[in-house]
Every structure is written in C-alpha cells, then in structure tokens.
Amino acid sequence: MSLRINDIAPNFSAETTQGRIDFHQWIGDQWAVLFSHPKDFTPVCTTELGYMAKIEPEFAKRNTKLIGLSVDPVASHLKWEADIAETQGATVRYPMIGDSDLAVAKLYNMLPADEPGTSEGRTAATNATVRSVFVIGPDKRIKLMLTYPMTTGRNFDEILRVIDSMQLTARHKVATPVNWKQGEDVIIAGSVSDEDAKTLFPGGWTAPKPYLRITKQPR
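Criteria and cut-off values
Residues numbered from 1 in each chain as written. Predicted model: local features only at pLDDT ≥ 70, side-chain atom pairs only at ≥ 80, totals over all residues. Heavy atoms only, no water. Buried < 20%, exposed > 50% of the residue type's maximum accessible area, 1.4 Å probe, protein only. Helix = DSSP H or I, 4+ residues; strand = E, 2+ residues; numbered from the N terminus. Pairing = 2+ DSSP bridges. Right-handed = clockwise from strand over helix to strand, strands pointing away. Phe/Tyr/Trp six-rings, centres within 6.5 Å; stacked < 30°, edge-to-face > 60°. Polar contact = N/O pair within 3.5 Å; in protein donor to acceptor, adjacent residues only side chain to side chain. Contact = heavy atoms within 4.5 Å.

Another aspect to go through is the pairing of strand β3 (residues 31-37). With seven of its seven residues buried, β3 lies for the most part within the structure. Here β3 shows two buried faces, one formed by Trp31, Val33, Phe35 and His37 and the other by Ala32, Leu34 and Ser36. Sheet analysis places β3 next to strand β4 (residues 64-70), joined by seven bridges and oriented parallel. Bridging across to β4, Leu34 finds its partner in Ile67. The β-α-β motif built from β3, the intervening helix α2 (residues 43-61) and the parallel element β4 has right-handed crossover chirality. The sheet contact formed by β3 and strand β6 (residues 132-136) spans four bridges and is antiparallel. Counterpart to Phe35 in the pairing with β6 is Val133.

Overall, the coordinates contain seven aromatic pairs when judged by the stated rule. Ring centres 6.3 Å apart and planes at 45° place the aromatic pair Phe41 and Trp80 in the tilted group. Taken as a pair, Phe41 in the loop between β3 and α2 and Trp80 in helix α3 (residues 74-88) lie far apart in primary sequence, 39 residues in all. Classification of Trp80 by relative accessible area gives buried; the value is 1%. A network of ring pairs unites the aromatic residues Phe12, Phe23, Trp26, Tyr108 and Phe134 as a single cluster.

Summarising the element assignment, Asn127 is placed in the loop between α4 (103-107) and β6. Within the structure, Asn127 has its side chain in polar contact with the backbone oxygen of Pro38 (distance 2.8 Å). With sequence-adjacent residues up to four places away left out, Asn127 is seen in contact with Pro38, Val71 and Arg122.

This is how it looks when you write it as structure tokens:
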C-alpha cells in the first residue's frame, strides 16, 4: 500500500531488541522516528546507528522516541550493537525491530507486498529500498518520509531540524522558511488574515510581498 504524508502510520506488533511491542502503544503520546536499514553489519548503517545513539538525548528533549528496523532477526541486531559500540563509541539504547519475515518493510511500502521469502539469504542490495526515515506524530500520523540510497549516509541533524519546525508549526500558525533553524524568523501562515495576525503576532511583521509576512519566532 502506498503511504502519504498525514496518513495514519500503519500499526504492527513485532519483536525488538527490547522485547515485543505494539507500535502505536509504544509511541504513546510522543513523537517517533522510525528509521530502517537494508541489512545488519553494513558499513554506512553502522555509522548511522552509532550517531543516532550519540544524539538520542537531543530527540528526548523534543519528546521524540527512536526505533530502528532491519530485515534481520533480533539476535543479529544484538550482535551488531556490539560492533556499533566498538567502532562508533556509542551504545545503542533505543530498540531495533527484527523484521525477518519482511512484514513491517512491506507494511511501510519499502518492499513490494508480494515480495517472497524471509530475510534468509537476502543481501543489502536486495533490500536497497529498506532505507527510509518516517517521522510520526503523537496523533500517529506520518509527518515526514525520506528514502536514501545505500551509499549515502543520512543527515540526522536535519531530522532534528525538521522536528523543531513541525513541533513549532503545530503549536503556532506559522511556517518555516528555507534552511530555517531554531530561533530564526518564521513566516505567518497564509490561512491567517492580516487582522487576525495583529492579535497573534503583536510584535508585527515585515511583508516584502502581501503573501510573504515575516515575523519573529513565537516562544
């Protein structure tokens, strides 16, 4: 099934390195980042999992949980975690989903629904499309989807930046401009009339065009 922004994130039950979970119950009232990997013991993903382990506290500050996925069994993940700690200098403390039956990868449209077999005998190249990032809100809706090629490491600092933007724009009637970072000016949403904007943004705004109203970031 195809997934789009604002669709309900498909729910599932699966084994992880921290026990069996129901995905929606695991998210609870928080945000979540589900990021997937084509195979255990692959070099680029090893660096990614290590970096996410290092910056997990930054996600926690944003009320956001992390969960990884690879189409290999949990026992393999646990061995991989030891390699990650040794080579990346960080201990993985977030759960990793074991998806050896490919069920979650298919559910999230990372592999075709009719893909045969299990993780047994599959290579990273076979699973090349299982390399995505999904950001899911407390309402269990998909807020962001990204898919990367195997040879390009993901920029997870960008995921933090996007979460900052989405959480801000969920609370206030604003949008964030190109390359926006926390604390920088924002754009008043087009759905807000000038009259209402006077109340919502008493500090005023600048408008190089009527549709481009720039104001200070709400606190």
